[in-house]
Amino acid sequence: MSASPSILSGVNRPRRTVAPRDLLAWAGSRGWGWLLPAALLAVWQVCDSYRWISPQVLPSPRFVFDTLWDLAGSGDLWLNARASMTRVAVGFLAGAALGVALGSVMGLSRRVEAYLLPTFNALVQIPVLAWLPFVLLLVGIGEPLKYILIAKAALVPVTLNTLQAFRQTPLALLEVARIYGYSQRQQVLRVVLPHAIPTLFTGLRLGFTKAWLSLVVVELVASSEGLGYLIVYGRQLFQLDLVMAAVVVVGAIGFAIDRLLDGAERRLCRGRPAPAWGSA
């Protein structure tokens, strides 16, 4: 009586082994990015151990970690982080939506670009803080002030990258689309937009970075809660451990959201279908 093919295939299938060289290569590719932060942390610890810098100027890593743990345990960290993330979410979404709309309109129409782009480029040169007194007179010191400044910061890179994204489609592909009888709408959806997705996501990532930076700046100037407020509060009390703990949280949240956007971009671009010539 012979054994079934399924059993034999399960018994005779060779085990997949991982060579040490492959494992080291994988660890190296994943670990190189953490080499510099680990080195900086080691230098920080050495400076504290040998008292090369006063603890009042540079608190020890353990002291900063304890402060961060206390903030998390008391709930203050979550309350301030939630306030900051709510502000950046509202401002970024508003600025990104307006930037995509404005950039796509200019990208699809040379005439609109000729009318709007010179003025837009002039306004781009004005930093976010320069708008603060003007917006403050218009809307006061409340939440709308923060939303407007964050949206302005996100608007600039999203608009410029969207414009570039809609202009980078090869002319040969547009000619082929016209030959196949594609309408203007079909050309945009099936030819222009698939090629624009990577640059669009680059603009969104840059826009979020600018929005996150402007959030901290705005909270440093005018806020009673948020991660930027924690930094100001710690500086006023000369509690540099609180300042550094808030800075660590700002960097960690910004890095995590940037990785999420990068993962979404990779997944979307990997599943992006090729233009279907001949299908109307």
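Worth saying up front: this structure is predicted, and the values here are computed from it rather than measured. (Residues numbered from 1 in each chain as written. Predicted model: local features only at pLDDT ≥ 70, side-chain atom pairs only at ≥ 80, totals over all residues. Heavy atoms only, no water.)

A. Fine view of a nonpolar patch on the surface. Judged by side-chain polarity, V46, Y50, W52, I53 and V57 come together as a nonpolar surface patch covering roughly 530 Å² of accessible area. Relative to the helices and strands, V57 resides in the loop between α3 (35-49) and α4 (61-74). (Patch = residues over 30% accessible without salt bridge, like charges linked within 9 Å, V, L, I, M, F, W, Y side chains within 5 Å. Areas by Shrake-Rupley, 256 points an atom, 1.4 Å probe, with all protein chains shown as cover. Salt bridge = Lys/Arg side-chain N within 4 Å of Asp/Glu carboxyl O. Helix = DSSP H or I, 4+ residues; strand = E, 2+ residues; numbered from the N terminus.)

B. Examining the environment of D66 more closely. Position of D66 relative to the elements: it lies in helix α4. Taking C-alpha positions, D66 is 9.1 Å from A245, a pair spaced 179 residues apart along the chain.

C. Representation of helix α11 (residues 227-236). Restricting attention to buried positions, one finds in α11 the residues L227, G228, L230, I231, V232 and G234. A positive backbone phi angle near 55° is found at F238, which sits one or two residues after α11. (Buried < 20%, exposed > 50% of the residue type's maximum accessible area, 1.4 Å probe, protein only.)

D. Here's a closer look at the UniProt feature "transmembrane region" (unreviewed entry) in the chain. In the UniProt entry, the feature "transmembrane region" (unreviewed entry) is given for residues 88-108, 120-141, 211-231 and 237-257. Along residues 120-141 one finds 77% helix and 0% strand; the C-alpha atoms at either end are 26 Å apart. Helix makes up 86% of residues 237-257 and strand 0%. Its end C-alpha atoms lie 30 Å apart. (UniProt positions renumbered as here; feature names shortened; annotations may be inferred.)

E. Main features of α4. Taking 1.5 Å as the rise per residue, α4 with 14 residues should run 20 Å; its terminal C-alpha atoms sit 20 Å apart, in good agreement. P61, V64, T67 and L71 are the residues of α4 that are buried. For α4, the angular spread of buried residues about the axis comes to 125°, placing them on one side. Seen from the open side of α4, the exposed residues pointing more than 90 degrees away from its buried face are R62, W69, D70 and G73. (Expected span 1.5 Å × (residues − 1). Arc of directions from axis to C-beta.)

F. Structural detail: the nonpolar core. V88, F92, F208, A211, W212, L227 and I253 are the most contacted members of the largest nonpolar core, which totals 29 residues. Of all elements in the fold, only α3, α4, α5 (76-108), α8 (143-167), α10 (184-221), α11 and α12 (240-270) reach the threshold of two or more residues within this core. Looking at this core element by element, the count peaks at eight residues for α12. Of all hydrophobic cores here, the second largest spans seven residues; its members include V128, V135, A153 and V218. (Core = buried A, V, L, I, M, F, W, Y, C linked by side-chain atoms within 4.5 Å.)

G. Broad picture of the side chain of T162. With respect to the secondary-structure elements, T162 resides in helix α8. Leaving out residues up to four positions away in the same chain, T162 has contacts with G99, V100, G103, S104 and L200. (Contact = heavy atoms within 4.5 Å.)

H. Quick peek at the pattern of salt bridges. This structure, assessed with the given rule, holds ten salt bridges. For R62, the salt bridge is made with D66, and the minimal N-O distance between the two is 3.3 Å. You can see R62 and its partner D66 sitting in helix α4, four residues apart, about one turn around the helix. For R62, a relative accessible area of 59% puts it in the exposed group. Linking D258 and R259 is a salt bridge whose minimum nitrogen-to-oxygen distance equals 3.1 Å. Given the relative accessible area of 15%, D258 is considered buried. Under the relative-accessibility criterion, R259 is labelled partly exposed at 38%.

I. Seen up close, the packing of helix α6 (residues 110-124) against α8. Relative orientation of the contacting elements α6 and α8 amounts to 145°, with a least axis distance of 12 Å. The chirality of how α6 crosses α8 is left-handed. Mapping the contact onto sequence places R110, E113, L117, F120, N121, L123 and V124 in α6 and K152, L155, V156, T159, L160, L163 and R167 in α8. Of the residues contributing to the contact of α6 with α8, the split by class is eight nonpolar, two polar and four charged. (Axes fitted to C-alpha atoms, helices over the stretch in contact; angles between N-to-C directions. Left-handed = near helix turned anticlockwise from the far one by under 90°. Nonpolar A, V, L, I, M, F, W, Y, C, P; charged D, E, K, R; others polar.)

J. Region of the structure containing unusual backbone geometry. One non-glycine residue, F238, lies in positive phi territory at about 55°. Within the secondary structure layout, F238 lies in the loop between α11 and α12. Its relative accessible area of 53% is what places F238 among the exposed residues.

K. Structural detail: the packing of aromatic side chains. For the structure on display, the rule yields five aromatic pairs. An aromatic cluster is defined as three or more aromatic residues linked by ring pairs; in this entry it consists of F92, F208 and W212. (Phe/Tyr/Trp six-rings, centres within 6.5 Å; stacked < 30°, edge-to-face > 60°.)

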